[in-house]
Amino acid sequence: EGTVETDGFVEYDRSVGGVRLQGAVRLRLSSRISSNGVGCVPPEEPVVTLSRETRAYFGLDPKGSSEDESEHKYPPSLKALLSGVRGSLKRGRVGPYPLANLECRILDVDSELSNSPETLPGAMRAAAANAVTTLLETLAKDGRLVVLEPKMNVEISVPREKVGFVLSDLT
């Protein structure tokens, strides 16, 4: 299965240093690898996209596209949301391995702090990271998140007296 979504909004509500951070995010992860039978696919950075609902929440044209815009013009809370998603995808879930070849679509966001420009960016960053982590943990528990390691056949010719050194280097 190439697509998975959060089961509704993933809520984040914590107080840090006496400041409340509250937000909710709904995500969808999709594979960016086509099933055309290609044997070796180079890893590519995950792509993060915004739904119409997310764009409208942050005051952007709902019909617009991230490709048509410069992110440096985004409001601070949207930049923080994107940072939270990208950071969690970069850290991965199975060991220190970043995720690759997928699209993370931010389907919807919400926060009771929308009128608080000082705390909304931190809340959005934390809520986004929490949503990605929650989704990845669900996939890991279901056995649907694995580390892919490259495999290759190698033929090496070495003098007999060097075989031990070469085998040591290879293992």
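In this text, all values refer to a predicted model and were calculated from it rather than measured experimentally.

Within the structure shown, the criterion is met by six salt bridges. For R86, the salt bridge goes to E71, with nearest N and O atoms at 2.7 Å. A residue pair is termed long-range when its members are at least 10 positions apart, and R86 in helix α2 (residues 76-91) and E71 in the loop between α1 (52-57) and α2 qualify at 15 residues. For E71, a relative accessible area of 35% gives the class partly exposed. When salt bridges with common partners are traced through the structure, they connect E5, R26 and R28 into a single cluster.

A word on unusual backbone geometry. The residue N101 is not glycine, and still its phi comes out positive at about 55°. As for its position among the elements, N101 is in the loop between α2 and β5 (102-110). Relative accessible area serves as the criterion here: at 10%, N101 is assigned to the buried category.

The next point concerns the packing of aromatic side chains. Enumeration over the complete set of coordinates arrives at one aromatic pair. Judged by centre distance (5.0 Å) and plane angle (80°), the ring pair of Y57 and F58 falls under edge-to-face. The class of F58 is buried, set by a relative accessible area of 9%.

By secondary structure assignment, the location of T49 is in strand β4 (residues 47-50). For T49, a relative accessible area of 17% corresponds to the buried category. A polar side-chain atom of T49 sits 2.7 Å from a polar atom in the side chain of E103. For T49, the side chain forms a polar contact with the side chain of R105, separated by 3.1 Å. In contact with T49, other than residues within four places in its own chain, are E103, C104, R105 and I106.

Take the pairing of strand β2 (residues 10-16) next. Note that β2 and strand β3 (residues 19-31) share seven bridges and pair antiparallel. Looking at β3, one finds that R14 is bridged to L21. Once β2 ends, the chain turns through two residues before running back antiparallel as β3, passing G17 with a positive phi of about 60°.

Take α2 next. Taking 1.5 Å of rise per residue, 16 residues should cover 22 Å, and α2 covers 22 Å from first to last C-alpha, within 8% of that figure. What α2 keeps buried is the set S77, L78, A80, L81, L82, G84, V85, G87, S88 and L89. In this structure, the buried residues of α2 make contact with β3, β4, α1, β5 and α3 (120-141). Downstream of α2 by a residue or two, G92 has a phi angle that is positive, lying close to 70°.

Time to look at the nonpolar core. Counting residues in each nonpolar core, the largest one holds 35 residues, and the members touching the most others are L29, L81, V85, L89 and I106. Those elements that place two or more of their residues in this core are β2, β3, β4, α2, β5 and α3. Per-element accounting of this core gives the leading share, 11 residues, to α3. Sequence-distant contacts of L89, that is, excluding residues within four places in its chain, are made with L29, P46, V48, P98, L99, L102, C104 and V132.

Here is what the cut-offs are and how they apply
- Residues numbered from 1 in each chain as written.
- Predicted model: local features only at pLDDT ≥ 70, side-chain atom pairs only at ≥ 80, totals over all residues.
- Heavy atoms only, no water.
- Salt bridge = Lys/Arg side-chain N within 4 Å of Asp/Glu carboxyl O.
- Helix = DSSP H or I, 4+ residues; strand = E, 2+ residues; numbered from the N terminus.
- Buried < 20%, exposed > 50% of the residue type's maximum accessible area, 1.4 Å probe, protein only.
- Phe/Tyr/Trp six-rings, centres within 6.5 Å; stacked < 30°, edge-to-face > 60°.
- Polar contact = N/O pair within 3.5 Å; in protein donor to acceptor, adjacent residues only side chain to side chain.
- Contact = heavy atoms within 4.5 Å.
- Pairing = 2+ DSSP bridges.
- Expected span 1.5 Å × (residues − 1).
- Core = buried A, V, L, I, M, F, W, Y, C linked by side-chain atoms within 4.5 Å.

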